[in-house]
Amino acid sequence: MSLRTITKLAAGVALIALSLGGAKAADVKEVEMLHWWTSGGEAAALNVLKGDLAKEGYAWKDVPVAGGGGDAAMTALKAMVAAGTYPTASQMLGYTVLDYAQAGVMGDLTETAIKEGWDKSVPAALQKFSVYDGKWVAAPVNVHSVNWLWINKAVMDKISGTEPKTFDELIALLDKAKAAGVIPLALGGQNWQEATMFDSIVLSTGGPEFYKKAMNDLDDESLKSDTMKKSFDNLAKIKEYVDPNFSGRDWNLATAMVIKGDALVQVMGDWAKGEFVAAKKAPDTDFYCYRFPGTDGSVIYNSDMFGMFNVPDDRKAAQVALATATLSKSFQSAFNVVKGSVPARTDVPDTDFDACGKKGIADLKKANDGGTLFGSLAQGYGAPPAVANAYKDVVSKFVHGQITTSDQAVEELVKAIDDAK
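Residues numbered from 1 in each chain as written. Predicted model: local features only at pLDDT ≥ 70, side-chain atom pairs only at ≥ 80, totals over all residues. Heavy atoms only, no water.

K.L.:
Looking at this structure, how should I read the pairing of strand S11 (residues 287–291)?
P.N.:
For a regular strand, the rule is simple: side chains alternate between the two faces of the sheet. Burial analysis of S11 places five of its five residues in the buried class, the great majority of the element. Here S11 shows two buried faces, one formed by Phe287, Cys289 and Arg291 and the other by Tyr288 and Tyr290. Pairing between strand S8 (residues 148–152) and S11: five bridges, direction antiparallel. Bridged to Asn152 within S11 is Phe287. (Buried < 20%, exposed > 50% of the residue type's maximum accessible area, 1.4 Å probe, protein only. Helix = DSSP H or I, 4+ residues; strand = E, 2+ residues; numbered from the N terminus. Pairing = 2+ DSSP bridges.)

Laid out in structure tokens, this is it:
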């Protein structure tokens, strides 16, 4: 069933509910939140928001749907919308927000946004996805970047490793770990994890201009180019350093391998740092955070957003309270310190952030100012969901041997993206 059909059904349900309504009901003092933040670090970060809303008298109704990429959560959301049982808000990623806004089921936070000055503090790259047809329909929670390496310091010291600045230096570092009997690369064999890593490989292989053309503009010549073929060649090289049991592994379990010293490195977005924080680990003491080699100066980003639905009038006050709390400076600092991400507004000081957080904030500013801030195709900010899903599918088939050559991978990628447009 298409999203358009689902929303028509939901509109009918809402109309029936409206016709049956009587006198205005008292405001519902409850926030119902659908999300996929179920790992230890994610849950700890979410508790910051729960606490802030509890102080204002709002109960929290949790609707967690496990699965780090959010696909299962979005399936659950589609069912809720079809039934006309909108949550107060749902964790969502860029183009998904716009899909639901276009379908006409999102609320309107514009009055709150004007009052709070969001247009002056939220980066334009995020406003592209949180504002639709001139109306604020979502509250950005954070800015994640995906082009990171997370390295166990004790293992790094053991193998006398140094920060890799090029892809070849990364391969050499992985060889050292392998020779020392340590799993070189912690990876979960799920399509969104594999594609998230490939985002970084494409940027490293082709540079900023190529990444933008191929992964954001979907330029046909770039997608079918020798540079894309070389990107798949590099993916073929790096996948040789994962352990045999990687298939199906959740991302946070791969992070735990690095935390425990069972593996040297994970290529993952900065939500991985939330797991290190939850395990009481500190940067430069227990772990290192480096940009994926060849990508320093650029940031591949995604942003968790709370998409706000067109709920009944008696639930709108709770929605406004949630949105206001989400974009408050105090929450933006406290939440992102724990989550591993950086604030979704540019006027939050980095005082409470650790070394990785300070670097993330500085890198974001530099990339935003320099035109090297790019949406992650794997994470829903490079292209609409159908294209992103096609991309993830091809990359995963390559990693798992269903596509056997880089030439074939390029051919399949071009075809899959064309079919999905």
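K.L.:
Help me understand the sheet that holds strand S10 (residues 263–267), please; the structure alone is not making it clear to me.
P.N.:
The four strands lie next to each other as S9-S10-S8-S11, forming an open sheet whose pairing is mixed. Strands at the two margins of the open sheet, each flanked by one partner only, are strand S9 (183–186) and S11. Put simply, the sheet's adjacent strands are angled 20° from each other on average, direction ignored. Taken together, the three bridges between S8 and S10 define a ladder with antiparallel strand orientation. When the sheet's bridge partners are listed, Trp150 is paired in S10 with Gln266. (Axes fitted to C-alpha atoms, helices over the stretch in contact; angles between N-to-C directions.)

K.L.:
What exactly am I supposed to notice about the pattern of salt bridges here?
P.N.:
Side-chain pairing between opposite charges can occur once the charged atoms of the two side chains come close. What the rule picks out here adds up to 23 salt bridges. The partner of Lys421 in a salt bridge is Asp418, with the nearest N and O atoms 3.9 Å apart. The class of Asp418 is partly exposed, set by a relative accessible area of 39%. By sharing partners, the salt bridges in this structure join Arg291, Asp296, Lys359 and Asp363 into a single network. (Salt bridge = Lys/Arg side-chain N within 4 Å of Asp/Glu carboxyl O.)

K.L.:
So what exactly am I meant to see when it comes to the packing of helix H2 (residues 40–55) against helix H16 (residues 329–339) here?
P.N.:
The axes of two packed helices give the description: the angle between them and the distance between them. Packing of H2 against H16 leaves a shortest axis separation of 8 Å and a crossing angle of 160°. What the angle tells us is that H2 and H16 run roughly antiparallel. Relative to H16, H2 is oriented so that their crossing is right-handed. Counting all contacts with H2, which are made through Gly41, Glu42, Ala44, Ala45, Leu46, Val48, Leu49 and Asp52, the residues of H16 involved are Phe331, Ala334, Phe335, Val338 and Lys339. Its residues assigned to classes, the contact of H2 with H16 comprises nine nonpolar, one polar and three charged. (Parallel < 35°, antiparallel > 145°, perpendicular 65-115°, else oblique. Left-handed = near helix turned anticlockwise from the far one by under 90°. Contact = heavy atoms within 4.5 Å. Nonpolar A, V, L, I, M, F, W, Y, C, P; charged D, E, K, R; others polar.)

K.L.:
How should unusual backbone geometry be read in this particular structure?
P.N.:
Comment: phi is negative for the bulk of residues other than glycine, and the bulk of peptide bonds are trans. Within the chain, Ser160 stands out as a residue other than glycine whose phi angle is a positive 55°. As for its position among the elements, Ser160 is in the loop between helix H8 (153–158) and helix H9 (167–179). Exposure remark for Ser160: the relative accessible area of 55% places this residue in the exposed category. Within the chain, Lys280 stands out as a residue other than glycine whose phi angle is a positive 65°.

K.L.:
Explanation requested: the sheet that holds strand S3 (residues 89–92) in the structure shown.
P.N.:
Hydrogen bonding along the main chain pairs the strands of a sheet, whether they run parallel or antiparallel. As summarised here, the arrangement of the five strands in space is S2-S1-S3-S13-S6, forming an open sheet in which the pairing is mixed. Each edge of the sheet is formed by a strand with only one pairing partner; in this case those strands are strand S2 (59–64) and strand S6 (138–140). Taking the axes of each pair of neighbouring strands and ignoring which way they run, one obtains an average angle of 25° across the sheet. Where strand S1 (residues 30–35) meets S3, two bridges bridge the pair, whose relative direction is parallel. Within the sheet, the bridge partner assigned to Leu34 lies in S3 and is Ser90.

K.L.:
Before we go on, may I ask you to explain the domain arrangement of the protein in this structure?
P.N.:
It is common to give the size of an interface as the accessible area lost on bringing the parts into contact. Taken domain by domain, the protein consists of domain 1 (29–144 + 302–368) and domain 2 (146–301 + 369–420). Counting residues at the interface gives 37 residues for domain 1, matched by 37 residues for domain 2. Here domain 1 packs against domain 2, burying approximately 3000 Å² in sum over the two surfaces, 57% of which is carbon and sulfur. Per-residue buried area on domain 1 facing domain 2 is highest for Tyr95, Asn302 and Cys356; these three make up 21% of the total on that side. Between domain 1 and domain 2 we count five salt bridges in total. (Domains from an automatic or database assignment. Buried area = accessible area lost by both parts, 1.4 Å probe.)

K.L.:
Looking at this structure, how should I read the pairing of S3?
P.N.:
Of the two faces of S3, the one holding Ala89 and Gln91 and the one holding Ser90 and Met92 are both buried throughout. In the sheet, S3 pairs with strand S13 (residues 305–308) via four bridges, with the strands oriented antiparallel. The residue of S13 that forms the bridge with Ser90 is Gly307.

K.L.:
Where do I start with the state of the cysteines in this structure?
P.N.:
Each disulfide consists of a covalent bond between the sulfur atoms of two cysteine residues. Tallying each qualifying case throughout the model produces one disulfide. For Cys289, the disulfide goes to Cys356, at an S-S distance of 2.1 Å. The S-S bond linking Cys289 to Cys356 shows a torsion near -105°; that makes this disulfide left-handed. Here the residue Cys289 occupies a position in strand S11, and Cys356 occupies one in helix H17 (residues 355–370), the gap between them amounting to 67 residues. Accessibility assignment for this pair places Cys289 and Cys356 in one class, buried. (Disulfide = S-S within 2.5 Å.)

K.L.:
Help me understand the environment of Trp36 in this model?
P.N.:
Relative to the assigned elements, Trp36 resides in the loop between S1 and H2. Along the sequence, Trp36 and Trp60 sit 24 residues apart, while their C-alpha atoms lie 15 Å from each other. Leave out the neighbours within four places in its chain, and Trp36 touches Glu42, Val65, Gly67, Gly68, Gly69, Gly70, Ala73, Met74, Gln91, Met92, Leu93 and Asp304.

K.L.:
Hey, could you run me through the packing of aromatic side chains in this one?
P.N.:
Between two aromatic rings, the relevant description is the distance of the centres plus the angle of the planes. Following the criterion strictly, the structure yields 19 aromatic pairs and no others. Here Trp118 and Trp136 contribute two aromatic rings whose centre-to-centre distance is 5.2 Å and whose plane-to-plane angle is 75°, an arrangement assigned as edge-to-face. Taken as a pair, Trp118 in helix H6 (residues 118–121) and Trp136 in strand S5 (residues 135–136) lie far apart in primary sequence, 18 residues in all. Here Trp118 matches Trp136 in class, with each residue buried. (Phe/Tyr/Trp six-rings, centres within 6.5 Å; stacked < 30°, edge-to-face > 60°.)

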